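Secondary and tertiary structure notes
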Amino acid sequence: MALAILVFAMFPGRFDGDSSGQYQQGLTFVFDDHHSVMNAAMLGVLSGIAKGPGPMFVLQLALWIGGLLIFTDALIAFGDPAVGQAISILCLIPLLSFDFFDIQKDALFTALLAVLIGIGTRTLLHRSAMLLIGAFTAFCFLIFALDTRQNDFFALIPLWFLVRPIYQLKARAILASVGVGIVVFALAAYAIWRIDDDVLNTHRSHAIYSLIIFDLAGISARTGQDASGGLLPDFSANVAKCYTPHEWDAFLGGACRPVGLAAQHLVADDRGRAKLELQWVKEILLHPVAYVRHRAHNFGCLIRLGCYHIPDMSAGWAPRPWDEPDMRVTVGARVIGAMAQHMWRGPLGSGVLWILVLLTELGISAHRLRRSGFEPIPYLALVLASAGLCYTLSFAIASVADQLRYLHPVFFLAIVGVPFALTLLRAAVGKMEFASTEFSRRLRSLTSADDAMLKAPMGTIFQTSFGMLGWKKGSERDKSSATGRDHDI
């Protein structure tokens with residue numbers, strides 16, 4: 001039902017700038033790897049069904065809703081219906097759902113995360129080995145997810161431990177899980193390489209040059225020196241004109257385009273690429289403070305810490321240069337979009353908030369596992385929180401902009417962990433209340449015994465005390481002595 005409602009309200013969706021270029025590559029079947037090659041090929045294949053963003057819009061939503069269904073169904077079957085239903089509701093709020101209005105890699109990656117989390121959760125909770133067809137399907141989803149973004153493995157690596165859980169903190173179990181994971185991810189990387197090169201004949205653009213330009217510009221802006229070492233044209237003047245901690249785009253398509261073109265020419269040659277990369281590493285080592293300040297400023301703007309640049313996650317239904325004439329916009333899309341923009345611009349759109357939520361979830365689940373040993377639900381919460389934090393922190397070292405859509409997977413991972421954290425907190429409070437009640441009952445029992453002792457006659461008190469010490473009354477002692485003598489006789 002949720003899928004039908006969202007499709008009716010937001011169809012056919014919109015291309016963002018990156019996916020519009022990927023769509024053109026898919027139509028011509030000529031690819032470069034500046035963005036996901038497989039995503040571009042998929043857009044080309046889906047254009048055979050219908051032109052424009054519609055088919056990919058439906059596919060994104062179907063993956064999203066399908067992944068949530070697998071995930072929550074596994075929780076309900078395990079015996080946690082309240083948690084499963086809460087996650088279903090929370091994930092459909094406009095803060096998350098309206099981002100699927102755009103055809104873009106961050107929404108697609110979130111949808112693929114939902115599918116992979118659902119598969120991993122079923123494996124973890126039911127402790128059943130995958131069938132061969134299931135394992136192959138999961139591997140295909142992993143390949144597609146790894147190709148979607150260049151830093152997405154930071155989120156995917158922790159999720160591996162759902163498929164191959166660590167039940168005990170023993171070196172052998174940890175090494176076995178890590179070893180198998182290394183093999184699986186290496187095979188996935190090899191498969192991506194072969195598909196991109198041999199099947200899709202991808203032109204290698206070596207997109208790392210965008211990160212190099214951005215970092216060198218940040219260092220130059222803070223040191224007043226040409227951090228490119230003369231490799232890029234008039235770099236200091238271009239930095240003064242175009243550098244901003246928010247994005248690097250002006251160095252490729254703006255007033256400072258010659259810098260980006262020169263970098264593209266350098267990375268096209270192995271020797272030139274090695275020279276540019278060596279200069280990048282050298283400047284970071286020579287000016288670590290300037291580099292850290294540059295990265296911290298960019299990351300702070302992304303998570304809204306000390307930076308008041310507040311972008312939206314999506315342009316919504318606003319006209320875009322590549323839109324087809326008379327694109328469909330419904331009242332439902334406008335309502336959902338207005339609610340989403342209100343949430344994005346408020347506290348719920350703050351990366352700082354969701355980092356704190358992830359840290360809280362991590363702490364609660366880790367404490368429960370430490371106290372009680374391995375339990376599936378705390379372990380699941382721990383893995384999801386770890387994936388969210390690892391993915392967030394990856395932007396501190398490998399980001400060239402501060403667009404809010406980058407954090408869409410982070411919002412998802414933090415939100416699905418909230419019901420787990422509340423459930424674990426409730427259980428912890430229940431145990432504390434039980435312990436407190438038991439303590440009070442025992443204290444009342446002791447108090448009642450003391451009161452009875454105080455009200456008893458003195459002889460009874462002495463008799464009880466002597467009995468506790470192993471002493472007997474005189475008549476009983478004499479009787480036992482006589483019995484002993486009779487026995488001796």
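Cut-offs and rules
Residues numbered from 1 in each chain as written. Predicted model: local features only at pLDDT ≥ 70, side-chain atom pairs only at ≥ 80, totals over all residues. Heavy atoms only, no water. Helix = DSSP H or I, 4+ residues; strand = E, 2+ residues; numbered from the N terminus. Expected span 1.5 Å × (residues − 1). Buried < 20%, exposed > 50% of the residue type's maximum accessible area, 1.4 Å probe, protein only. Arc of directions from axis to C-beta. Contact = heavy atoms within 4.5 Å. Polar contact = N/O pair within 3.5 Å; in protein donor to acceptor, adjacent residues only side chain to side chain. Axes fitted to C-alpha atoms, helices over the stretch in contact; angles between N-to-C directions. Parallel < 35°, antiparallel > 145°, perpendicular 65-115°, else oblique. Nonpolar A, V, L, I, M, F, W, Y, C, P; charged D, E, K, R; others polar. Left-handed = near helix turned anticlockwise from the far one by under 90°. Disulfide = S-S within 2.5 Å. Core = buried A, V, L, I, M, F, W, Y, C linked by side-chain atoms within 4.5 Å.

Turning our attention to helix H15 (residues 270–286). For H15, with 17 residues, the first-to-last C-alpha span of 24 Å sits near the 24 Å given by 1.5 Å per residue. Turning to H15, its buried residues are Gly272, Arg273, Leu276, Gln279, Trp280, Glu283 and Ile284. Around the axis of H15, the buried residues are gathered within 135° of arc, so they sit on the same side. Residues Asp270, Arg271, Leu278, Leu285 and Leu286 are exposed on H15 and point more than 90 degrees away from its buried face. In this structure, the buried residues of H15 make contact with helix H11 (208–223), helix H14 (257–267) and helix H16 (288–303). Two to three positions downstream of the cap, the backbone nitrogen of arginine 271 sits 3.1 Å from a side-chain oxygen, assigning the N-cap of H15 to aspartate 269.

When you line up the elements, alanine 9 lands in helix H1 (residues 2–10). Separated by 325 residues in the primary sequence, alanine 9 and arginine 334 place their C-alpha atoms 8.8 Å from one another. Excluding residues within four positions of it along the chain, alanine 9 makes contact with Arg328, Thr330, Gly332, Ala333 and Ile336.

A few words on the packing of helix H3 (residues 37–46) against helix H8 (residues 132–148). Viewed as axis vectors pointing N to C, H3 and H8 meet at an angle of 110°, and their least axial separation amounts to 7 Å. It follows that H3 is roughly perpendicular to H8 by the angle criterion. Contacts between H3 and H8 pair Val37, Met38, Asn39 and Met42 from the former with Ile143, Phe144 and Asp147 from the latter. Residue classes in the contact of H3 with H8 are distributed as five nonpolar, one polar and one charged.

As a further point, take the packing of helix H18 (residues 351–372) against helix H19 (residues 376–394). In the contact formed by H18 and H19, the axes pass within 8 Å of each other and the chain directions differ by 145°. Handedness of the H18/H19 crossing: left-handed. In contact with Ile355, Leu358, Leu359, Glu361, Leu362, Ser365, Ala366, Arg368 and Leu369 of H18, H19 contributes Pro378, Tyr379, Ala381, Leu382, Ala385, Ser386, Gly388, Leu389 and Thr392. Across the contact of H18 with H19, the residue classes break down as 12 nonpolar, four polar and two charged.

With that out of the way, let us pick up the state of the cysteines. Chemically, a disulfide is nothing more than a covalent bond linking the sulfur atoms of two cysteines. Counted according to the given criterion, the structure contains two disulfides. Here cysteine 301 engages in a disulfide with cysteine 307; their sulfurs sit 2.2 Å apart. Taking the torsion about the S-S bond as the criterion, the cysteine 301 to cysteine 307 disulfide, at about 90°, is right-handed. For the pair cysteine 301 and cysteine 307, a shared accessibility class is recorded, and that class is buried.

Looking at soluble globular proteins, one finds that nonpolar side chains tend to be buried together. Ranked by size, the top nonpolar core spans 94 residues in total, and within it Trp64, Leu156, Phe412 and Phe420 carry the most contacts. By residue number, the principal contributor to this core is helix H7 (residues 105–126), which donates 13 residues. If we skip the residues at most four places from it in the chain, phenylalanine 412 touches Trp64, Leu68, Cys91, Leu96, Thr110, Leu113, Ala114 and Ile117. Counting 28 residues, the second-largest nonpolar core is a separate cluster that includes Phe214, Ile219, Ala263 and Ile284.

These figures come from the coordinates and say nothing about function on their own.
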